[in-house]
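These are the residues of each chain, in order.
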Amino acid sequence: MGYDEKNCLRKGDILLRTRANTRSRWWGSGGLDLWISVKRMAILVLLGGFVGCTPPPQFRENALEWHKQARTAGLKPGESLPDHHRHDVNDVVSDWFGTPDQPSVPLVEGTEDPLMQLFSPEGLIRAAGPVVSRDEKSSSGLYRRHCSHCHGVTGDGRGPTATFLSPYPRDFRLGKFKFKSSPTGTPPTKADLKLLLQNGVPGTSMPSFRLLKDEELDALVDYVIYLSVRGMLERFLIAATRDLDEDERLVNLPKEMRYRDLPAKARMEIGVPVRSIVEPSRSVESDQSVTRSEAAESPDSKIESDEAGAESTEPLEQTTSTYDPETVEEDVTFMAEEYLLPISEKWLGILEFEAKEVDVPAWVTDRTHVERASQLEIGHQLYFGTANCVQCHGETGVGDGQTNNFDDWTNDWLKVEGINPADPEAWAEYVNAGAHPPKPILPRNLRLGVYRGGDRPIDLFRRIQYGIEGTPMPASLTLTDEQVWALVVYVQEMPFEPISRPATAKKSENQRPVR
Amino acid sequence: MIGIQFLISSLIWFLIGGLMAAAMRWQLAWPWSDMPILGSWLFEGEGGQISPEYYTMLVTMHGSVMVFFVVIPILAGAFGNYLIPLMIGADDMAFPKLNMLSYWFMWPAFVCMMLSFAAPGFGPAAGWTSYPPLAVLEEAAPGSGLAQTLWLGGLTCVGISSMMGSINYITTIVQMRAPGMTFFRLPMTIWAMLITAILQAFALPVLTAAVLMQIADRLLGTCFFIPEGLMVADALPKSGGGQALLWQHLFWFYSHPAVYIMLLPAMGMASDILSSMSRKPLFGYRPMVYSMLSIAGLGFIVWGHHMFVSGMQPLVGAAFMLTTILIALPSGIKTFNWLATLWGGRLQLTTGMLFCLGFIAMFVIGGLSGVLMAVAAVTIFLHDTYYIVAHFHYVLFGGTSLIVIGSIYHWYPKMFGRMMSETLGKFHFFTTFVLINCVFFPMHFLGAQGLPRRYADFTHTDSFVHLQPINEFITYSAFALVGVQVVFILNFFGSMLFGRRAGNNPWRANTLEWVAPSPPPHGNFLAPLEVHRGPYEYSVPGRAQDYWMQTDSELSNG
Amino acid sequence: MMHRFWAILFSLVPILGIGLYVLAAVGKGSFGGFSLSGLWLPENGNPYAVTIDHLFDLVHIICGVVLGITTSVLAYVVWRYADHPGRNNEAAQYVKHNTLLEWIWTAIPAAILIFLGFYQLQVWADNKMNRPTEMVDGHKQAIEPMALVVGKQFGWEVYYPGTDGRLGTSDDQRIENELTVPVGKPVVLRVEAQDVLHSFSIPGLRVKQDVVPGMTQLVWFQVDKPGTYEILCMELCGWGHYKMRARMKAVSTTSEATTGTEQVASPPSLSQEGGEN
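Please read these numbers as outputs of a predicted model, since none were measured by experiment. (Residues numbered from 1 in each chain as written. Chains lettered and ligands numbered in written order. Predicted model: local features only at pLDDT ≥ 70, side-chain atom pairs only at ≥ 80, totals over all residues.)

Trainee: So what's going on with the overall build of chain B? Which residues, and what values?
Mentor: Scanning chain B from N- to C-terminus turns up 16 helices and 0 strands. On C-alpha atoms alone, chain B measures out to a radius of gyration of 24 Å, which is about the 24 Å that the 2.2 N^0.38 rule sets for 558 residues. With the principal axes as the frame, chain B shows a C-alpha extent of 80 × 45 × 45 Å. Within chain B, buried positions represent 68% of all 558 residues. Residue pairs at least 24 apart in sequence account for 78% of intrachain contacts in chain B once pairs closer than 6 positions are excluded. (Helix = DSSP H or I, 4+ residues; strand = E, 2+ residues; numbered from the N terminus. Rg over C-alpha atoms; globule rule 2.2 N^0.38 Å. Buried ≥ 20, exposed ≤ 12 C-beta atoms within 10 Å, placed from the backbone. Contact = placed C-beta atoms within 7 Å.)

Trainee: Break down the interface of chain B and chain C for me, with residues and values.
Mentor: The partner chain C presents 80 residues to the 92 residues of chain B that form the contact. Residue assignment for the side of chain B that touches chain C shows that the elements contributing at least two residues are helix H3 (52-88), helix H8 (244-261), helix H11 (314-342), helix H12 (351-374), helix H13 (376-382), helix H15 (422-448) and helix H16 (468-498) of chain B. If one sorts the elements of the side of chain B that touches chain C by residue count, H11(B) sits on top with 16 residues. The class makeup of the residues in the side of chain B that touches chain C is 62 nonpolar, 20 polar and 10 charged. (Nonpolar A, V, L, I, M, F, W, Y, C, P; charged D, E, K, R; others polar.)

Trainee: Give me the interface of chain B and chain A: which residues, what numbers.
Mentor: Facing the 36 residues of chain B at the interface are 36 residues of chain A. Elements with a minimum of two residues in the side of chain B that touches chain A: helix H2 (38-42), H3 and H16 of chain B. Taken together, the residues that form the side of chain B that touches chain A break down as 14 nonpolar, 15 polar and 7 charged.

Trainee: Give me the lowdown on the sheet that holds strand E7 (residues 173-176) of chain C, citing residues and values where you can.
Mentor: Residues and elements named next belong to chain C. Spatially, E7-E6-E5-E9-E12 is the arrangement adopted by the 5 strands of the open sheet, whose pairing is mixed. Two strands in the sheet have a free side with no partner beyond their single neighbour: E7 and strand E12 (217-222). Within the sheet, the average angular offset between the axes of one strand and its neighbour, ignoring direction, is 30 degrees. As paired strands, strand E5 (residues 147-152) and strand E6 (residues 155-160) are joined by 5 bridges and run antiparallel to one another. The residue of E6 that forms the bridge with Leu-148 is Tyr-159. (Pairing = 2+ DSSP bridges. Axes fitted to C-alpha atoms, helices over the stretch in contact; angles between N-to-C directions.)

Trainee: Describe the packing of H12(B) against helix H2 (residues 50-81) of chain C, naming the residues involved and giving the relevant values.
Mentor: Following both chains from N to C, one finds H12(B) and H2(C) inclined at 170 degrees, their axes separated by 10 Å at the closest point. As the angle between them shows, H12(B) and H2(C) are arranged roughly antiparallel. Of the residues in H2(C), those in contact with Leu357(B), Ile360(B), Ala361(B), Val364(B), Ile365(B), Leu368(B), Val371(B) and Leu372(B) of H12(B) are Val59(C), His60(C), Cys63(C), Val66(C), Leu67(C), Thr70(C), Thr71(C), Leu74(C) and Val78(C). (Parallel < 35°, antiparallel > 145°, perpendicular 65-115°, else oblique.)

Trainee: Residues and numbers for the nonpolar core, please.
Mentor: Within the largest apolar cluster, 291 residues are counted, with the highest numbers of intra-cluster contacts made by Ile88(B), Leu134(B), Cys356(B), Val378(B) and Val78(C). Considering each element in turn, this core owes the most residues, 25 residues, to H3(B). Each of domain 1 (2-83 + 101-128) and domain 2 (142-267) of chain C gives at least three residues to this core. In contact with Val78(C), not counting residues within four places along its chain, are Leu347(B), Leu357(B), His3(C), Trp6(C), Ala7(C) and Phe10(C). (Core = buried A, V, L, I, M, F, W, Y, C linked by C-beta atoms within 7 Å. Domains from an automatic or database assignment.)

Trainee: How would you sum up the confidence of the model for chain A? Please name residues and give values.
Mentor: Residue and element names in this part refer to chain A. Across chain A, pLDDT averages 76, with 76% of residues at or above 70. Counting interchain partners and residues more than four positions distant, the pLDDT-below-50 stretch residues 1-34 has 56 contacts. For the stretch residues 47-51, pLDDT sits under 50, and the model shows 9 contacts to residues farther than four places along the chain or on other chains. (pLDDT = per-residue confidence, 0-100.)

Trainee: Tell me what's going on with the sheet that holds strand E10 (residues 198-202) of chain C, and back it up with residues and numbers.
Mentor: Residues and elements named next belong to chain C. Strand order in the open sheet made by the 5 strands is E8-E14-E13-E10-E11, with mixed pairing throughout. Edge positions in the sheet fall to strand E8 (178-182) and strand E11 (207-211), since each of these pairs with one other strand and no more. For this sheet, the mean angle separating the axes of adjacent strands, direction not counted, is 20 degrees. Summarising the sheet, E8 and strand E14 (residues 245-251) pair through 5 bridges and their orientation is parallel. Opposite Thr-180, over in E14, you have Lys-249 as the bridge partner.

Trainee: Give a description of unusual backbone geometry that names residues and reports values.
Mentor: Trans is the prevailing form of peptide bonds, just as negative phi is the prevailing case for residues other than glycine. All names here are of chain B. The omega angle of the peptide bond from Pro-132 to Pro-133 is 0 degrees, so this bond is cis rather than trans. Relative to the helices and strands, Pro-133 resides in the loop between helix H5 (106-118) and helix H6 (146-175). Going from Ser-518 to Pro-519, the amide bond is cis rather than trans, its omega being -10 degrees. For Pro-519, the position within the fold is in the segment after H16. For Arg-279, which is not a glycine, the phi torsion comes out positive at approximately 50 degrees. Here Arg-279 lies in the loop between helix H9 (264-277) and helix H10 (285-299). Of the residues examined, Arg-279 has 22 C-beta atoms within 10 Å and is grouped as buried.

Trainee: Outline the packing of H11(B) against helix H3 (residues 99-119) of chain C, listing residues and values.
Mentor: Close contact between H11(B) and H3(C) brings their axes to 9 Å; oriented N to C, the two are set at 150 degrees. The orientation of H11(B) relative to H3(C) falls into the category roughly antiparallel. Viewed along their axes, H11(B) and H3(C) form a crossing whose handedness is right-handed. Within the contact between the two elements, H11(B) uses Met321(B), Leu322(B), Ile325(B), Leu326(B), Ala328(B), Leu329(B), Gly332(B), Ile333(B), Phe336(B) and Ala340(B) and H3(C) uses Leu101(C), Trp105(C), Thr106(C), Pro109(C), Ala110(C), Leu113(C), Leu116(C) and Gly117(C). Among the residues making up the contact of H11(B) with H3(C), the classes are represented as 15 nonpolar, 3 polar and no charged. (Left-handed = near helix turned anticlockwise from the far one by under 90°.)

Trainee: Explain the environment of Phe429(B) to me, using residue names and the numbers behind them.
Mentor: Residue and element names in this part refer to chain B. Its location among the elements puts Phe-429 in helix H15. On the basis of neighbour counts, which here come to 28 C-beta atoms within 10 Å, the residue Phe-429 falls in the buried class. Measuring from C-alpha to C-alpha, the distance between Phe-429 and Leu-402 comes to 8.7 Å, with 27 residues separating the pair along the chain. If sequence neighbours within four positions are ignored, Phe-429 has contacts with Thr-351, Leu-354, Phe-355 and Gly-358.

Trainee: Break down helix H16 (residues 325-351) of chain A for me, citing the residues and quoting the values.
Mentor: Residue and element names in this part refer to chain A. Across its 27 residues, H16 extends 36 Å between first and last C-alpha, which sits within 8% of the 39 Å expected from 1.5 Å per residue. At Leu-340, H16 shows its largest kink, close to 40 degrees, and the proline Pro-342 lies no more than four residues downstream. In this fold, the buried residues of H16 make contact with helix H4 (83-97), strand E1 (104-106), helix H5 (115-118), helix H10 (214-242) and helix H11 (264-270). (Expected span 1.5 Å × (residues − 1). Bend = angle between axes of the 7 residues up to and from the residue.)

Trainee: Which residues make up H10(A), and what values do they have?
Mentor: Along its 29 residues, H10(A) runs 43 Å from first to last C-alpha, staying within 8% of the 42 Å computed at 1.5 Å per residue. Summarising burial for H10(A): 23 of the 29 residues are buried, a large majority.

Trainee: Would you mind going over the confidence of the model for chain B in detail, with residue names and values included?
Mentor: With 99% of its residues at a pLDDT of 70 or more, chain B has an overall mean of 91. The ipTM, which scores confidence in the relative placement of chains, is 0.91 for this predicted complex, and the corresponding pTM is 0.89.

Right, here's the structure in full:
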């Protein structure tokens, strides 16, 4: 599988070294060296001799997008876009963004690139990589410890646990996020993402990570943005290949030559400079260095694809002379400017975003306020009238209005051919390409008192004002703030109306009155 | 014979369960690292990092396999089947066909369990106790879909198998004893098997009913165990009206007696081996029988101690605490009697005997930590921590499994007509005994720190990260423990071919099975038997031989 | 001389077994490179549960004595009575029973066990049955829960009564995975489950109560020292069981005990978190 043993052992060494660090804190000193060497031997035997080990994970290519674009381009089932397009996209994306173990960042505008403002190197180091240790100095792999089994190593929402969850975990690659303080169409602020990590998403399988340290949360937020930017770029590039002519490529190299086959130096000069984010301690440990060239040449940096193993062995020197550096430079710069810059600008724009100040009226927070009753009535009328909440959330608010909608993550491919979601055969090939079986998105049952975007008045306000991106919940462009607040009050009270409350729970056995 | 079939299939499952434990230990020592074999098989895209629901599945299946496929069948199915007719002097079980059915009903269960590994979620993941609503609602856990249904189906088949077995054992023991074999001349093994069979016959229907209720909850939409107003993922609301605690009551009404089903036969076999190998009559035969009876009786009214903090009425908990604490008494009496049996004997330190001695030591530890847990107030702290894990592994692994292995060494000559290698056997005992303690003793300390069971990873907690070196130590020991069982496997199969031939009575023991040829032919005995005395007449003064077989006439003097 | 070897092996059970326990209990020493400190009960901050720790120690002492006696006898028996090539011809004793002995080793453990059983009833009742009381208008009255803690897959939702001081109204304030309680006064919490079984447990306070969907339960404790405690789930609740942790902050109230509850009960002011949103 194109994976060499050397890496395997190196990984073992890393494990060993960091454990030795932990150990020195907790273990006494007697007989220590012997014990370590026994451990070291045992690990090596287990890792190396026992069965070998699994290659480090790679970012999965967006097979669903490829499939979708192939169908959009009018190809028949079974046909796909030409392989060299896939190679080009994979090579470029992995050249720019590295691998799960060794992330990197493309510097579109030189070394002081704005992209680096989005994610700090320290953050990426903490979040990326294999789970190693909680030890302060070498802590890494936060994402794979806490997130990847649902959201996937690639951030595609397709980790091993994902299929069992309802709703499905978020696929970051669309760059859409539901719960944020920014208007529809813009990315969330970092504070939004962090708040979401702290609070979780009630009513879903997304738990709260409040107990993580502040810098750990920041690191995860950075990494989510990194995955999202990477995923968006990949999708844009895939879409771009669809419109290319027969003999045209994203990177115009001679046939049978791949972008990643170019010497790293050449890519450095004619391509987009890339900043490698390699964990410093790891580079001390082995002969790796933070320069891009070596990182790029290590087998880790190759994206997973079916023929990766076979082609990577081709000698590079023979082919280097046959390409035209200027064309390549032009193509790569074009890609960076045409596809990457808009993404990064969109995200960078949000760094400066300041949410509009909203005053929370007193009658929202104070249940006993005199005005509350009248506002409740206004909210009630809006619900059934102007705001038309009733259409989806239903007359009783249990979310039984319109239940046959899908969210954007599903519609993204469901709408391409107008697939009937009720027909498993129609979407089977999309599911094979990595889509989750479509599940209708249900309007929230407002009588449970569980609000995914948070239940503070301001959260409810934002959800009504800006809607929920990626879902049928629209932004309320025509309502005034006052009206939105009235709706908030109405929604707040709904779970506490008598019809919402089931018979009061049985008294516990240890709740007997005290003698 | 059916007994041997049970033995071999249980040992295979023992291996599978052990390997699962090894996988769990890997995850606990090096959380989320690349797991050998399993990681590259199933989680290659994740770099060999298993998923948390896979860990819960391992926990669940390790427990289920060990309890339902290993300990219960190997004691009742294998040794019960094998020893009962031989020890009471019968030519076969009372219902041979029922007997065969009881074995072949295990196979649907085996198939169900195997299939559940292939079901979504790689297997049930609600714990071997399958507490609802987690186990009942498909949306609640990845393994609670088809896999859980298969698990329940498998459990039903195990139940049917055990039920048929226990009816057969009771009938055989009551009806088919050789002439002169009165109840108080029965070896302890047979007493234990009889009491176990009665326990099973009374407790199993409750479990079967509970399992069928859970199946109905899952497939027919009943809500026996589902209260109203649940919000599980996006699941549609259920009508509810059930009570989640009901399952716990029903389950433990079976599963607590099952603890004794998993222990009493081992105690019986230990008594027989100890007495014959110390060449001394069993001390206090009748107190031993009575204590076993009282364990069985009390065993039915202590199930609540699994539920001290479950939300059950605390007053009931207090009552259960009193009965529970009393059940420690008969076990203690048995231990003292064993020690008195050894005292003043002439101990033959065969491998089987060593395993029995090891069993006593481990059982004392496991039993005493049980006293701690019987104290309800302390259980508030210890419930569902590694202290519990240490406790039941000391009883079930350090206790029962050591006896099972010891009994295999002891009765192997009878089963296969050849002796097992004593050298390999003693090496196996030494390593197993030491490693069991290396694995399970440190768990007491983990438990004293409040380390919770069934956590896939506690290195991300502040309170427990300092326990990680201990976890690694346990993991290395556990790997070694699984590893040294290779010695046993080699010995077991190697001795079939190369073992020294055993005579009818290689241990010079008294009980009836040693009258029969090794291995016993169809019909077991060559001639009709008559029993003249109890099973433990060793070193009777005035006799040249230090044993006096139950069939020997009064006059014979060796 | 193999039997000596086995006797020594068995004698290691009481020696190491009790030895390690003693070392762990006094929290000193190291064994094979492992430090034995921090292996006994974690520090207890809950006066209601002090007796739990005492019981834990007491039962360990009793069990340790029994363990020492029985396993030492076992080791001695192997040492003394094992058959070996050099052993004299002495036959095993033909002793079948001794009623007096049986009575002794039935009665003494029975007495100890029954003592333990009754001795701990009060602790059990204090922690599970007798809710703490407070004096209201000269009447003894059970303390009402100060917050509702709801277990769900996979976290703890904490609801505080809002300005109206009652739980279950629309101004309840919810915060995920963080509970704040006052120091030095009894705290009563209502615990519930939303989906499956969970167990509300704070090892540092010896508190544990399974929460069952469809049932409400109360737990109570008192924290004597300000600090942070971990709330864990201790009943298997699905794949994320191990993720289900929350933080409990015990904060000291202001010198006037009167306003203490209000100040503490409301979660750390909501506006601080993430500002506007």
